[in-house]
Amino acid sequence: NAGVTQTPKFQVLKTGQSMTLQCAQDMNHNSMYWYRQDPGMGLRLIYYSASEGTTDKGEVPNGYNVSRLNKREFSLRLESAAPSQTSVYFCASRGGLAGALSIYNEQFFGPGTRLTVL
Amino acid sequence: EDKVVQSPLSLVVHEGDTVTLNCSYEVTNFRSLLWYKQEKKAPTFLFMLTSSGIEKKSGRLSSILDKKELFSILNITATQTGDSAIYLCAVEPSSNTGKLIFGQGTTLQVKP
């Protein structure tokens, strides 16, 4: 099993360009998440999908859109990139049913995408 | 507003030292608290805590939760250079989403 995979690993954009970050998991997890990580700020939730067919805003959704393409894939789109979106982006997934407290509650993270917007 | 605060933000120790990392939280309807270790890339899961007073252990790492005082600690004994990393604390509020609220992280550097 590959776990959670993300593409690309690195990307440089110019202000105003658009791009889509791809994420896929092969663990049959129900929930998927997109975070950004900036120095000294931990991980901040951008968007999440608690189950296939649903998406919701997290803490910092402005400037982003998401698509839960199927149970495996959850993409993040920047329509018009800005320098403030320079960050490391992590995708994560979580097994178990949404709302269920179980030993399978931890989130598993992908390797990250380092994005620079000039 | 839900929040998680970690302290210290950074720490430098020498091999063999014992360290204690702190995590305090304010969330509505607490469900669980998780600790992650982040080296160069993705955070990796260490512990999940749901009940007060029950210590979780894995080798030289241990963690405990106090739901009355709203905090958790992560202890690392006999530190090694391989323990150098960012340690992240996250809290899951009770909801149907599985969302996590992360603290800022503690950067630990262990010198030989």
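Higher on the page you've got the structure.
Residues numbered from 1 in each chain as written. Chains lettered and ligands numbered in written order. Predicted model: local features only at pLDDT ≥ 70, side-chain atom pairs only at ≥ 80, totals over all residues. Heavy atoms only, no water.

A. The pattern of salt bridges, seen in detail. Evaluated as defined, the whole model comprises seven salt bridges over all chains. Ionic pairing is found between Glu-79 of chain A and Arg-77 of chain A, a salt bridge with its closest N-O pair at 3.1 Å. Here Asp-83 of chain B ties to Arg-60 of chain B by a salt bridge, and the two come within 2.8 Å at their closest N and O atoms. Taken together, the residues Asp-83 of chain B in the loop between β8 (71–76) and β9 (85–93) and Arg-60 of chain B in the loop between β6 (56–58) and β7 (61–66) connect sequence positions 23 residues apart. On the basis of relative accessible area, Arg-60 of chain B is assigned to the partly exposed category, the value being 25%. (Salt bridge = Lys/Arg side-chain N within 4 Å of Asp/Glu carboxyl O. Helix = DSSP H or I, 4+ residues; strand = E, 2+ residues; numbered from the N terminus. Buried < 20%, exposed > 50% of the residue type's maximum accessible area, 1.4 Å probe, protein only.)

B. Structural detail: the sheet that holds β8 of chain B. Residue and element names in this part refer to chain B. Sheet architecture is open: five strands sit in the order β1-β3-β8-β7-β6, paired in antiparallel fashion. With one partner strand each, in any of the chains shown, β1 (3–7) and β6 form the two edges of the open sheet. The sheet shows a mean angle of 15 degrees between the axes of neighbouring strands, direction not considered. With six bridges joining them, strand β3 (residues 19–26) and β8 adopt antiparallel strand pairing. Bridge pairing in β8 places Leu-21 opposite Leu-74. (Pairing = 2+ DSSP bridges. Axes fitted to C-alpha atoms, helices over the stretch in contact; angles between N-to-C directions.)

C. Representation of the environment of Asp-56 of chain A in the model. All names here are of chain A. The topology assignment puts Asp-56 in strand β6 (residues 56–57). In this structure, the C-alpha to C-alpha distance between Asp-56 and Val-66, residues ten residues apart in sequence, is 8.9 Å. With residues near it in sequence (within four places) discarded, Asp-56 still touches Tyr-47 and Tyr-48. (Contact = heavy atoms within 4.5 Å.)

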